[in-house]
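Here's the letter readout for the chains.
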Amino acid sequence: MRARFVWGMFGLLVLGCVIGFSSSWDGSVRSSYSEAELEERRELALSWLARQLDPIVYPVQIEFIDRYDVDYSGRIEGRVALESLFASKEDSAEVNLADYEVWIYSLASKQALEPVLPELQEKLSIRQDGTFESGWSAKGKKIARVVEKKSGLMVGTTEVTLYPLIRSYFVPTDDPMSRTGIARRSWLYDNALAVISFSLAADQERAESILKSLEKLQNADGSFGFAFDVYDGVLDETKRSGSIAWMGDAVVKYEAAFGDSSYRHMAEAIAAFLYTQQNPETGSIKGGPDTDWYSTEHNIDAYFFFRDFASLTGENQYAEIAKDIKQALLQHHWNEDEERFNQGIDDLAEALDANSWGAIFLQAIGREDLVELAINYIDTFKVENATMLSSSNLSTYNRAYSTNHPLMGYKPYGKGYDQPPSIVWTEGTWGVINLLMRENQPVDDLLHSMFAMQEADPFGGIVYSNERIAETPYQFYVWPAVASTAWQYITLENPRAIWDDKK
């Protein structure tokens, strides 16, 4: 581990002003909510984020009697701690061993761009003394899970979290999707938001735990995979410039908060990778090495990263890259005729974040003449009188989160998409609230809606959408999500903590 460089108080003050992490917000919100009420909402969101970083705790303990390496094939033996199984029920008399099984899995090595799920080898009965024994298991990482047969619910596993990354969603165990392993997935973008949130909350331990894991997972070229499994590491090796830029910005915000430059090398490598994706003719950053498209959202992300990294390091090369991206956004991404940002270069589709985040970008560079135009265009994405209802239908499944409050917010897509869903997209709605708070515009109606959706989760998470839309290409679920919850925390704490409006 690299030696830490700790700034003095003066250095921290100067750095905070340079990066604009938390020094430019006066705390005023055009809202009827008191500061105490907003503080309660912030703390609920922060507490939920911390829960998503904590290891998953299952009620039943299970272990192998030997250490089976990945090359081992053959019989597997182990033991279920019966006392933990009995304790998992309020009345131990309710526990019947015949209602449970041990499922043995083998996890083969992953190939590039091919996420691999553990392969089920055998379902075993639990003996009266808690032991179990398989007939044969293929080569690969060995996993044993205790499963309640009737519900299919996993109540114990031998797996150990290898990477303390934040789990992107909380998926109720009764949801059919819980069996896909999505509850253990961690997207890079969500980790960046978590680092920023914990840094803003002065929680260095949690922020640094994420950075330590990602330090091990960073590719040699400075990039990152798109998503991870908290037990096994890289799940999706696809490289996307936007989320990688967010991770770079998170490193900058961490150093601004704590004066700790231990992870600056990560941001330097990120900058080097993103530079390889820049088009020398337009100055725009493409979506990734496997693409030929140039996203407006990705370039907004990259602009702020390079701008703030230049301020942090004093390196003019980063400032020049940011300047080129700024010009590209204005010249090649802005739609002059429709007075809005396109989804990307030569991509006329309507995307909410291109214009909500785009308006924040315009504020930051002092183009107030265009800010109002972008804000006006955002109204085309508005959704009102929406509902969030319980449903047991598989296509709309949601048995955990509902509210009687009529909801409003913003949908993610407009023209250019095939029948885009008219849903309340909470991550995007918080992006709009963040923008409006910077503009000192009223946000009460939107806050009422977002808080009603937060109240649907007793732990304080913000569900990602008011409706489940699982049909390709749209995938939105009524699950509490890191992206939505982190945007709430950051926005209510200091909307400029993400991107300040230095000109």
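For the structure, see preceding data.
Residues numbered from 1 in each chain as written. Predicted model: local features only at pLDDT ≥ 70, side-chain atom pairs only at ≥ 80, totals over all residues. Heavy atoms only, no water.

Student: Just give me the short version of the overall build of the protein, but keep the residues and values in it.
Tutor: Helix and strand counts for the protein come out as 14 helices and 14 strands. The C-alpha atoms of the protein give 24 Å as radius of gyration, which agrees with the globular expectation for 503 residues (23 Å, within 12%). The dimensions of the protein, computed from C-alpha atoms along their principal axes, are 75 × 50 × 45 Å. Counting every position in the protein, which comprises 503 residues, the buried fraction comes to 57%. Pairs at least 24 apart in sequence give 69% of the contacts found in the protein among residues at least 6 apart. Accessible area for the protein stands at about 21600 Å²; split by element, carbon and sulfur atoms hold 48% of it. Seen as two clouds, the 45 positive and the 75 negative side-chain charges of the protein have centres 4 Å apart. (Helix = DSSP H or I, 4+ residues; strand = E, 2+ residues; numbered from the N terminus. Rg over C-alpha atoms; globule rule 2.2 N^0.38 Å. Buried < 20%, exposed > 50% of the residue type's maximum accessible area, 1.4 Å probe, protein only. Contact = heavy atoms within 4.5 Å. Areas by Shrake-Rupley, 256 points an atom, 1.4 Å probe, with all protein chains shown as cover. Lys, Arg positive; Asp, Glu negative; His and termini not counted. Charge placed at Lys NZ, Arg CZ, Asp CG, Glu CD.)

Student: So what about helix α2 (residues 35-53)? Which residues, and what values?
Tutor: A rise of 1.5 Å per residue sets the reference length of α2, with its 19 residues, at 27 Å; its end C-alpha atoms lie 27 Å apart and thus fit the reference within 8%. Within α2, burial applies to Leu38, Arg41, Arg42, Ala45, Leu46, Trp48, Leu49, Ala50, Gln52 and Leu53. In this structure, the buried side of α2 is in contact with α4 (188-200), α5 (204-217), α13 (444-455) and α14 (482-493). (Expected span 1.5 Å × (residues − 1).)

Student: Can you explain the sheet that holds strand β9 (residues 227-229)? Please cite residues and give values.
Tutor: A sheet is described by the order of its strands in space; here three strands give the open sequence β8-β9-β10, paired in antiparallel fashion. The strands lining the two open edges of the sheet, one partner per strand, are β8 (185-187) and β10 (233-236). Between one strand and the next, the sheet's axes are offset by a mean angle of 40°, whatever the strand orientation. As defined by bridge partners, β9 adjoins β10 across three bridges and the pair is classed as antiparallel. Its bridge partner lying in β10, Phe228 is registered against Val234. Sheet strands in contact with α4 are β8 and β9, and its direction is about 75° off that of β8. (Pairing = 2+ DSSP bridges. Axes fitted to C-alpha atoms, helices over the stretch in contact; angles between N-to-C directions.)

Student: I'd love a proper account of the packing of helix α12 (residues 426-438) against α14, names of residues and values included.
Tutor: When two helices pack together, you describe them by how their axes are tilted relative to each other and by the distance separating the axes. As a packed pair, α12 and α14 sit with axes 8 Å apart at the nearest point and diverge in direction by 15°. Judged on the interaxial angle alone, α14 and α12 are roughly parallel. Classified by chirality, the crossing of α14 by α12 is left-handed. Where α12 abuts α14, its residues Thr426, Glu427, Trp430, Gly431, Ile433, Asn434 and Met437 lie against Ala483, Ser484, Trp487, Gln488, Thr491 and Leu492. For the contact of α12 with α14, the residue count by class is six nonpolar, six polar and one charged. (Parallel < 35°, antiparallel > 145°, perpendicular 65-115°, else oblique. Left-handed = near helix turned anticlockwise from the far one by under 90°. Nonpolar A, V, L, I, M, F, W, Y, C, P; charged D, E, K, R; others polar.)

Student: Describe the packing of helix α8 (residues 296-313) against helix α10 (residues 352-364), listing the residues and the values that go with them.
Tutor: In the contact formed by α8 and α10, the axes pass within 9 Å of each other and the chain directions differ by 30°. By the angle between their axes, α8 is roughly parallel relative to α10. Crossing of α8 against α10: the hand is left-handed. Contact residues: α8 offers Thr296, Glu297, Ile300, Asp301, Tyr303, Phe304 and Arg307, while α10 offers Asp353, Ala354, Trp357, Gly358, Ile360, Phe361 and Ala364. Along the lines of polarity and charge, the residues of the contact of α8 with α10 split into eight nonpolar, two polar and four charged.

Student: Lay out the pattern of salt bridges with the relevant residues and their values.
Tutor: For the structure shown, the criterion picks out 23 salt bridges. For Arg307, the salt bridge goes to Asp308, with nearest N and O atoms at 2.9 Å. When its relative accessible area of 10% is taken as the criterion, Arg307 is described as buried. A relative accessible area of 0% means that Asp308 is categorised as buried. (Salt bridge = Lys/Arg side-chain N within 4 Å of Asp/Glu carboxyl O.)

Student: Can you break down the sheet that holds strand β7 (residues 153-157) residue by residue, with the values?
Tutor: If you trace the four strands from one edge of the open sheet to the other, you get β4-β3-β6-β7, paired in antiparallel fashion. Each of the sheet's edge strands pairs with one partner strand only, and the pair in question is β4 (119-125) and β7. The sheet shows a mean angle of 35° between the axes of neighbouring strands, taken without regard to direction. Here strand β6 (residues 141-148) pairs with β7 via four bridges, running antiparallel. Residue pairing in the sheet places Val147 in a bridge with Met154 of β7.

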